[in-house]
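Take a look at the letters that make up each chain.
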Amino acid sequence: MIREILKMGDERLLRVAKPVRETGTQALDALIQDMFDTMEAAGGVGLAAPQIGVDLQVVIFGFDSSERYPDAPAVPRTILINPVITPLSDEKEEGWEGCLSVPGLRGAVPRHVSIRYTGIDSAGVPIDRVADGFHARVVQHECDHLIGRLYPSRIEDFSKFGFTEVLFPGLDPNRDD
């Protein structure tokens, strides 16, 4: 089922999500399916449970190719529960981001270039991966939602923040992710 995506300004996006206590349940499986349905319908590359009003530490992400980020390499389709991110260096890189909860806008956000992320999948199987580049950016962006943070709060240079249609003519601002 496609769910409503909360928009910036909704106080529910500012809450800290609770850890998932039990995996392998019908309720969790249904939530994850709804998240994938919602993400795909919106043309996104990732989605966090808080974006659909569910205060649980669940994020999904992944794609083979993205209309929104045509130069980005594929990111493995992933269900990540109770994630922990560890930067592998202090090196950060600025990159353009959008968000389904901040439609029509894009901003240049500094993110760690290389990270390790751990957590579990929907069956409780441990996940332990190293990611860099766009993959690392997507994980950091989605996990920010779990601590009540949206990407505009990470922007350092607001001359690099604006409407998608102005900054990137030709991209559909109504399908921004």
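Here the structure is a predicted model, which is why all the values come from computation and not from measurement.

Here the focus is the pairing of strand β2 (residues 58-63). When you tally the buried positions in β2, you get 6 out of 6 residues, the bulk of the element. Side chains Val58, Ile60 and Gly62 of β2 all project onto a buried face; the interleaved residues Val59, Phe61 and Phe63 project onto the opposite face, where all are buried too. The pairing of strand β1 (residues 46-48) with β2 spans 3 bridges and is classified as antiparallel. Looking at the pairing, Leu47 lines up with Ile60 of β2.

Looking at the element boundaries, Ile2 is found in the segment before α1 (26-42). When neighbours within four sequence positions are excluded, Ile2 is seen to be in contact with Asp37, Thr38 and Ala41.

The sheet built from 3 strands is open, its strands ordered β4-β5-β8 with antiparallel pairing. Of all the strands in the sheet, just β4 (92-99) and β8 (161-163) have a single pairing partner and so form its edges. Taken pair by pair, the neighbouring strands of this sheet meet at an average axis angle of 20 degrees, ignoring direction. Note: β4 against strand β5 (residues 102-112), 7 bridges, orientation antiparallel. Residue pairing for β5: Trp96 is matched across the bridge by Ala108. Sitting on the sheet, helix α2 (residues 133-144) touches β4 and β5, and the angle it makes with β4 is about 60 degrees.

So, on to the nonpolar core. The biggest cluster of nonpolar side chains holds 20 residues, and the ones touching the most others in it are Val59, Phe61, Leu80, Tyr117, Phe134 and Val139. Counting residues per element, the ones that place at least two in this core are β2, β3 (75-87), β6 (114-120), β7 (126-132) and α2. Setting aside anything within four residues of it in sequence, one finds Val59 in contact with Met35, Leu47, Ala48, Thr78, Ile79, Leu80, Glu142, Cys143 and Leu146. By size, the runner-up hydrophobic cluster in this structure holds 17 residues, among which are Ile5, Ile32, Phe36 and Val58.

A word on the sheet that holds β2. Pairing between sheet strands relies on hydrogen bonds along the backbone, with the strands arranged either parallel or antiparallel. One open sheet holds the 5 strands; their spatial order is β1-β2-β3-β6-β7, and the pairing between them is antiparallel. Each end of this open sheet is capped by a strand with a single partner; those strands are β1 and β7. Neighbour-to-neighbour, the strand axes of the sheet open up by a mean angle of 35 degrees, direction not taken into account. Where β2 meets β3, 5 bridges bridge the pair, whose relative direction is antiparallel. Paired with Val59 across the strands is Leu80, a residue of β3. In the packing of α1 onto the sheet, the strands contacted are β1, β2 and β3, and the crossing angle to β2 comes to about 45 degrees. Contacts from α2 reach β1, β2, β3, β6 and β7 within the one sheet, and its direction differs from that of β3 by about 70 degrees.

Time to look at the pairing of β7. Across 7 bridges, β6 lies against β7 in antiparallel orientation. Looking at the pairing, Ile115 lines up with Ala131 of β7. What sits between the antiparallel neighbours β6 and β7 is a turn of 5 residues, in which Gly124 has the positive phi angle 90 degrees.

Our next topic: the packing of aromatic side chains. Under the criterion given, the structure shown has 5 aromatic pairs. Here Phe61 and Tyr117 contribute two aromatic rings whose centre-to-centre distance is 6.0 Å and whose plane-to-plane angle is 75 degrees, an arrangement assigned as edge-to-face. Highlighted residues: Phe61 in strand β2 and Tyr117 in strand β6, separated in sequence by 56 residues. Accessibility expressed as a relative area gives 0% for Phe61, which makes it buried. Aromatic side chains Trp96 and Phe168 sit 5.1 Å apart centroid to centroid with 90 degrees between the ring planes, which places their arrangement in the edge-to-face category. Residue Trp96 is located in strand β4, and its partner Phe168 is located in the segment after α3 (164-167); the two are separated by 72 residues in the primary sequence. Classification of Phe168 by relative accessible area gives partly exposed; the value is 24%. These aromatic residues form a ring-pair network of at least three members: Tyr151, Phe158 and Phe161. Across from the ring centre of Phe36, 3.7 Å away, lies the NZ or CZ of Arg77, which sits over that ring. Its end group placed over the ring of Phe168, Arg106 keeps NZ or CZ at 5.7 Å from the ring centre.

Reading the values: rules and limits
Residues numbered from 1 in each chain as written. Predicted model: local features only at pLDDT ≥ 70, side-chain atom pairs only at ≥ 80, totals over all residues. Heavy atoms only, no water. Buried < 20%, exposed > 50% of the residue type's maximum accessible area, 1.4 Å probe, protein only. Helix = DSSP H or I, 4+ residues; strand = E, 2+ residues; numbered from the N terminus. Pairing = 2+ DSSP bridges. Contact = heavy atoms within 4.5 Å. Axes fitted to C-alpha atoms, helices over the stretch in contact; angles between N-to-C directions. Core = buried A, V, L, I, M, F, W, Y, C linked by side-chain atoms within 4.5 Å. Phe/Tyr/Trp six-rings, centres within 6.5 Å; stacked < 30°, edge-to-face > 60°. Lys NZ or Arg CZ within 6 Å of the ring centre and 35° of its normal.

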